[in-house]
Every structure is written in structure tokens, then in C-alpha cells.
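What follows is each chain in one-letter form.
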Amino acid sequence: MNLLQKDDALDLSKLRDVLIRLEDTIIFALIERAQFALNDCTYQPGVYKYDNDFKGSFLEYFLHEMEQVHARVRRYTSPDEYPFTKPLPQPILTTLDFPPILHNNSVNVNDKIMKRYLADIVPNICSPGDDLNYGSSATRDVECLQALSKRIHYGKFIAESKFMDPKNQKTYIELIKSGNRTAIMELLTNKAVEDALLKRLRRKAMIYGSDITDNVSEDHLAGHNGTSLCIGDKGNGTARKIRADVVVDLYERFVIPLTKDVEVEYLMQRLEGWQPPKDV
Ligand SMILES: O=C(O)C(=O)C[C@]1(C(=O)O)C=C[C@@H](O)C=C1
């Protein structure tokens, strides 16, 4: 997606294509993380002493150090990138001139993403215990968190695109003015898109999560033979690196609902300092 092109960034089918590509990024990032143990000590504050006064967990330390480097190369000036930590330094590169695509807003749900990631996702994809690979697992955590954050905050572009659609703009304006979050949520929900997504995701997770060897049948890869999808399942020549139902459940309970929350909260701020065109 070229965010320097306003038309691209508000085209709903192109935005959905971005979400489809991010499914791949997220599944592969989860698979990468799942090869290491839970390594709980990397999530607990006060376990390590750092070379500065940092008091958080090893993961928070690592994330903050990385985000400082990325901020210097202007990562967070892009409207689809949101940092988890602060304070961050100013970019050393001149800021790119992005066209005004999104309305001014303060929506950032990274705190919620971090909480759900630690409480719900890591324990579900990793085996319990400690394998000492702290740097490797933290690197994978950062990749998972960044991919999830990007996907979920794409809800802003989708909400903007839906708001700008003349078919519904009047209704959105009325619902925003009356603060009716429930009705906004209903209006922006497209159940058919969600159902197709979950079906596609299951198939991707089954295929990407298999070790593909010469003696694996296509039926098995497609999950038609009723085998269980456990991590490390070596039956029929495959080892599942991640359980497909865990990925689907993660999207159903967490990724899609949070994307929709971002859409609603973005829309709630959409009218601030904005005048509708005369014909609306
Ligand atoms: O594609 C859309 O219309 C979106 O708003 C994105 C999304 C999603 O998170 O995947 C969220 C809400 C819709 O019900 C369908 C899908």
C-alpha cells in the first residue's frame, strides 16, 4: 500500500488486500515465536539490570531500544505505524509529505494489544518452560506485536473509507453525533467478510504450519483427514508448528474485535474540527 497516494489508501478493496497480506505476516510471526518456550522471565519486570535506569521487563527494554532506532529512521511518522513505548527520539530523516488521509485522532490501542498478547497469545502458542533463548523469543515477540499493531490500526483507514462512502456518510454523522457506538459498530460490521476471513485463515494456518515433506498428501495439508493439529504432531509425516484453531480463535476473539474498536473510536473523533460538505 502506497500511503503517499490518497486514493489507494481509501480504496476499501485495496485495504482488505493489505489485511489479507498481513494474515500471512501474522501467522509466520506466530510460528517463529512458537518454536521457543514461554520464557516467562522475559516478561517479568525487575529480573534484569539494564545499562540505563530502565525498570520494566526484558521484552519492554528490548522493544523500547528497537523503537528508538526505528523512530530515528521515521518509522512512526507513517500513518500506519504505532509505537508501543515512549519517549522516542525525533527522526534523523526529513519527514515524508504524506497526504492527509486520516482525520486527526489519538487512537492507539497498543497497551491492549500488549496485554492480550502476553495473557492470551504467548501461553497458547508456546510450550511452557524456559529454554534460555531470551533474545530470540523477544525478537519474535516484537515481530508479532508490530504485525498485530499494524493490522489492528489499519482499522482507521477502513473506517475513513467507510465514512467517506456517500452511501452511509449521513448515517455515520448522525450516529457519531448521538454517541451511539453500538449502532456504529453494527453499521461497519460486514459478517460475510469476517466469515470468509476466518475460513481462509484456517486453511493458511494449516498449510503454513505444516512441515511439507514429499510423503505428505494434499488431503493432509488441507486438513481433510481429521488429524489433530497439535504442535509437534508427527503423524503422517507432518509436524504442526502452530495449531490452526489457535490462530482462528485469536482472530475471532481479539484481532477482529480490536480492529472494530479502533474503527469505532476513530469515527467517534471524526467530526472534531470537520464541516460536512453542503450536500450531506
Ligand atoms: O473489511 C472490513 O470492512 C473491516 O472493517 C475489517 C474487518 C476485519 O477486522 O477484518 C472488521 C469488521 C468487518 O466486519 C469486517 C472485517
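Scroll up to find the structure this text is about.
Residues numbered from 1 in each chain as written. Predicted model: local features only at pLDDT ≥ 70, side-chain atom pairs only at ≥ 80, totals over all residues. Heavy atoms only, no water.

Q: Can you tell me about the overall build of the chain, naming the residues and giving the values?
A: Regarding its fold elements, the chain presents eleven helices and zero strands. Ordered by position from the N terminus, the helices and strands of the chain form the series α-α-α-α-α-α-α-α-α-α-α. When each of the 280 residues of the chain is scored for burial, the buried share is 45%. Across the chain, every contact between residues at least 6 apart in sequence was considered, and the portion connecting residues at least 24 apart equals 71%. (Helix = DSSP H or I, 4+ residues; strand = E, 2+ residues; numbered from the N terminus. Buried < 20%, exposed > 50% of the residue type's maximum accessible area, 1.4 Å probe, protein only. Contact = heavy atoms within 4.5 Å.)

Q: Describe the pattern of salt bridges, listing the residues and the values that go with them.
A: Tallying each qualifying case throughout the model produces 19 salt bridges. Measuring nitrogen to oxygen at the nearest pair gives 3.2 Å for the salt bridge that ties D120 to R253. Taken together, the residues span a long stretch of sequence, with D120 in helix 4 (residues 110-125) and R253 in helix 11 (residues 244-268) at a distance of 133 residues. As a salt-bridge pair, K260 and E194 come within 2.8 Å of each other at their nearest N and O atoms. One end of the pair, K260, is in helix 11; the other, E194, is in helix 9 (residues 191-208), with 66 residues separating them in the sequence. On the basis of relative accessible area, E194 is assigned to the buried category, the value being 17%. Look at the salt bridges and you will find they share partners, linking E23, D24, R200 and K204 into a network. (Salt bridge = Lys/Arg side-chain N within 4 Å of Asp/Glu carboxyl O.)

Q: Run through the site of the ligand, naming residues and quoting values.
A: With respect to spatial proximity, 14 residues lie near the ligand, and among them R16, K162, N190, E194 and E263 are the closest. Backbone polar atom of N190 to an oxygen atom of the ligand: 2.7 Å apart, as the coordinates give it. In the model, an oxygen atom of the ligand is placed 2.5 Å from a nitrogen or oxygen of the E194 side chain. Surface burial for the ligand is 99%, taken as the share of its 350 Å² of free accessible area covered by protein chains. No other element matches helix 11, which puts four residues into the shell around the ligand. (Near = heavy atom within 4 Å. Polar contact = N/O pair within 3.5 Å; in protein donor to acceptor, adjacent residues only side chain to side chain. Areas by Shrake-Rupley, 256 points an atom, 1.4 Å probe, with all protein chains shown as cover.)

Q: Help me get a handle on the packing of aromatic side chains, residues and values and all.
A: Ring pairs (aromatic) are described by centroid distance and by the angle formed between their planes. Counted under the stated rule, the structure contains six aromatic pairs. With centroids separated by 4.6 Å and ring planes inclined at 15°, the aromatic side chains of F28 and Y208 adopt a geometry described as stacked. Separated by 180 residues along the polypeptide, F28 in helix 2 (residues 12-34) and Y208 in helix 9 bring together distant segments of the chain. Overall, F28 belongs to the partly exposed group, its relative accessible area being 42%. (Phe/Tyr/Trp six-rings, centres within 6.5 Å; stacked < 30°, edge-to-face > 60°.)

Q: Describe the nonpolar core, and please don't skip the residues or the numbers.
A: Ranked by size, the top nonpolar core spans 48 residues in total, and within it I113 and F254 carry the most contacts. Mapped onto this core, the elements with two or more residues apiece are helix 2, helix 3 (58-72), helix 4, helix 5 (134-153), helix 9 and helix 11. Ranked by the residues each element gives to this core, the list is headed by helix 11, at eleven residues. By size, the runner-up hydrophobic cluster in this structure holds 28 residues, among which are V18, L102, I158 and W274. (Core = buried A, V, L, I, M, F, W, Y, C linked by side-chain atoms within 4.5 Å.)

Q: How would you explain helix 6 (residues 155-164) if you had to name every residue and give the values?
A: One turn of an α-helix holds 3.6 residues; hence residues three or four places apart share an orientation. With nine of ten residues buried, helix 6 lies mostly within the body of the structure. Looking at the buried positions of helix 6, the neighbouring elements they touch are helix 1 (6-9), helix 2, helix 5, helix 7 (169-177), helix 8 (181-188) and helix 11.

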